[in-house]
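# Overview (structure and organization)
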Amino acid sequence: MGSLNRHQKQSQLRGLLISIEGIDGAGKSTIAGQLERKFIAEGYPVQLVREPGGTIISERIRELLLDPGNQQIAAKTEALLYAAARAQLVAEVIQPNLEAGQLVICDRYTDSTLAYQGGGRGIDLEWLRDLNRLATGGVRPEVTLLLDLDPQIGRNRRSTRQGPGRPGEDRLEAESEAFYHRVRETYLQVAREEPQRLRVMDASKPLPEVVEEAWEILAQSLNL
Ligand code: Z5A
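Residues numbered from 1 in each chain as written. Predicted model: local features only at pLDDT ≥ 70, side-chain atom pairs only at ≥ 80, totals over all residues. Heavy atoms only, no water.

## As for the site of the ligand
- Taken together, 30 residues sit near the ligand, with Asp-24, Lys-28, Thr-30, Thr-113 and Tyr-180 positioned nearest.
- Within the contact set of the ligand, an oxygen atom lies 2.7 Å away from a side-chain nitrogen or oxygen of Lys-28.
- Separating an oxygen atom of the ligand from a side-chain N or O atom of Tyr-82 is a distance of 2.8 Å.
- Against a free-state accessible area of 1,100 Å², the protein chains account for coverage of 85% of the ligand.
- Looking at the shell around the ligand, the elements with two or more residues in it are helix H2 (28-41), helix H3 (56-66), helix H4 (75-99), helix H5 (110-120), helix H7 (151-161) and helix H9 (207-221).
- Here the shell around the ligand is built from residues that sort into 12 nonpolar, 7 polar and 11 charged. (Near = heavy atom within 4 Å. Polar contact = N/O pair within 3.5 Å; in protein donor to acceptor, adjacent residues only side chain to side chain. Areas by Shrake-Rupley, 256 points an atom, 1.4 Å probe, with all protein chains shown as cover. Helix = DSSP H or I, 4+ residues; strand = E, 2+ residues; numbered from the N terminus. Nonpolar A, V, L, I, M, F, W, Y, C, P; charged D, E, K, R; others polar.)

## Section: the packing of H5 against helix H8 (residues 177-193)
- Following both chains from N to C, one finds H5 and H8 inclined at 130°, their axes separated by 8 Å at the closest point. Considering their axes alone, H5 and H8 lie oblique with respect to each other. With respect to the hand of their crossing, H5 and H8 are arranged in right-handed fashion. Every residue of H8 that contacts H5 at Asp-111, Ser-112, Leu-114, Ala-115, Tyr-116, Gly-119 and Gly-120 is listed here: Phe-179, Tyr-180, Arg-182, Val-183, Thr-186, Tyr-187 and Val-190.
- Broken down by class, the residue content of the contact of H5 with H8 amounts to 8 nonpolar, 4 polar and 2 charged. (Axes fitted to C-alpha atoms, helices over the stretch in contact; angles between N-to-C directions. Parallel < 35°, antiparallel > 145°, perpendicular 65-115°, else oblique. Left-handed = near helix turned anticlockwise from the far one by under 90°. Contact = heavy atoms within 4.5 Å.)

Here it is in structure tokens:
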């Protein structure tokens, strides 16, 4: 992949979206950051965004969603708020960047809604798929890396990360063990339904190994 010049690399990845999914503490943000650096080092233009967030409006919706004080949010309201944050991110950042030929890496995207609001909250998956289509206008990831992890390990990783300057648990992090098992199972179910797009990775391996494997999957799937 080193033999292509910058212009060739730009056209090769024109308009491609990659999403990174998994339960909390699976390592999504860490791995997304490392992949971004690798793409830049290889000369690929890349934009990293996270969900919910990435625009002023979406960050304000994020605050509403994660505030532990907002216990009264109904399941469908929650799903609609995630969809609203996503619609704004797609309109303001993802779509324009894809059209400008950027590679976009999204730390969480539509599969989070299926896993958390579907598996976790019990909302019908078809209703959520329709909602995702409305919010994204059909902008779909080319490849999705699913960082699969036992929820207990995820919880331990998050608790060791707490400390000065780190906020406590947000509204969703305070959910039960059973909730997280359903989230994980729904991710795996979606991966079984779409094996071409969703690539399941063992996120309990040491970080350098996970990053290496993620890079190999992307290099192979995107023909880098
Ligand atoms: N949500 C939803 O319900 N519906 C939706 O549609 C969307 C989201 C889009 C967003 O919270 C919440 O919204 C989330 C799902 C819900 N809720 N919960 N709960 P967020 O953005 O604040 O949280 P997050 O996305 O789950 O991020 P996180 O907790 O930071 O997890 P992460 O990004 O996967 O992990 P990390 O920060 O990269 O790593 C965690 C720690 O583990 C860190 O100290 C790392 O150094 C360490 N780490 C990472 N990988 C490894 C390995 N391989 N070995 C050892 N240690 C590691």
